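# A look at the structure
One-letter residues, chain by chain:
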Amino acid sequence: MAYDLQDKIALVTGASRGLGHAVAEALAARGAHVIALARTVGGLEELDDRIQAAGGQATLAPIDLTKDDAVAGICRAIFDRWGRIDLLVHTAVHAPPLAPVDHADPKDYAKTFATNVEGTQRVIRMVAPLLHAAPEGRAVFCADPRAGEKFFGLYGASKAAEAALVASWAAETATLGLRVESFTPEPMPTATRARFFPGEDRDVLSTPSEQAARLLALLDA
């Protein structure tokens, strides 16, 4: 049976481009009111135009996930207006330059972990009460298992830490009516991947829309 998204409140992080943009559009097409969160205002406005043109609804939230006050503020606004979040899809990510571990820039380390680990924990901590307030709260996080690959030290470590947080939260909430899942998208021609694999043949990669359809299939399962 398909997951009923009609009139659901769905928060999508990293929604200004790539997979997050495609997921937000797909959720709105299925009847959800999408709260689209990202730092890039232009990308969010483009998303809003596409959703509205298709008859959907969205609320734009141009904020930085590394800022406590910003995330707390949007969560408070969501609570005041809707009292809940039915679905969280967390796609926001930072991709540092590839480098040997012993050459990694401390600034790249700080930014990567601030977004991919601390940002994820911040989202979990502040969105959890809103998800628990929904009849059947659900959360989906995007995995990218790069740990141990050469030159992926910072990114791989951050995504491994993020995966550990998600797995623990899934175990902790398994009996509390909250469904927490992990989704590993296939390679897509996104800006994140372009930083890692410049010059590759992007035509052979899957599209964000195709991977958004896979993610929605996970929700339907």
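This text follows the structure it describes.
Cut-offs and rules
Residues numbered from 1 in each chain as written. Predicted model: local features only at pLDDT ≥ 70, side-chain atom pairs only at ≥ 80, totals over all residues. Heavy atoms only, no water. Helix = DSSP H or I, 4+ residues; strand = E, 2+ residues; numbered from the N terminus. Buried < 20%, exposed > 50% of the residue type's maximum accessible area, 1.4 Å probe, protein only. Salt bridge = Lys/Arg side-chain N within 4 Å of Asp/Glu carboxyl O. Phe/Tyr/Trp six-rings, centres within 6.5 Å; stacked < 30°, edge-to-face > 60°. Pairing = 2+ DSSP bridges. Axes fitted to C-alpha atoms, helices over the stretch in contact; angles between N-to-C directions.

It is worth spelling out the environment of Arg76 at this point. Tracing the chain through its elements places Arg76 in helix H3 (residues 68–81). Arg76 sits in the exposed class, given a relative accessible area of 51%. Taking C-alpha positions, Arg76 is 9.2 Å from Met126, a pair spaced 50 residues apart along the chain.

Counted under the stated rule, the structure contains 12 salt bridges. The salt bridge partner of Lys159 is Glu162, with a shortest N-O separation of 2.5 Å. Placement of both Lys159 and Glu162 in helix H5 (residues 153–173) is noted, with a separation of 3 residues, approximately one turn of the helix. The burial state of Lys159 is the same as that of Glu162; both residues are buried. Salt bridges sharing common partners tie together Asp68, Arg122 and Arg125.

For the rest of this paragraph, the subject is the packing of aromatic side chains. Aromatic rings in a pair are described by how distant their centres are and how their planes are angled relative to each other. Following the criterion strictly, the structure yields 6 aromatic pairs and no others. Here the aromatic rings of Tyr109 and Phe113 are separated by 4.5 Å at their centres, their planes lie at 25 degrees, and the arrangement is stacked. Separated by 4 residues within a single helix, Tyr109 and Phe113 lie in helix H4 (residues 106–132), roughly one turn from each other. What makes Tyr109 partly exposed here is its relative accessible area of 42%.

Now for the sheet that holds strand E5 (residues 138–142). Overall, parallel pairing links the 6 strands, which are arranged E3-E2-E1-E4-E5-E6 in an open sheet. With partners counted over all chains shown, the strands left at the sheet margins are strand E3 (57–62) and strand E6 (179–183), one partner each. In this sheet, adjacent strand axes meet at a mean angle of 15 degrees when their direction is disregarded. As paired elements, strand E1 (residues 9–13) and strand E2 (residues 33–38) share 5 bridges and run parallel to each other. Residue pairing for E2: Ala10 is matched across the bridge by Val34.

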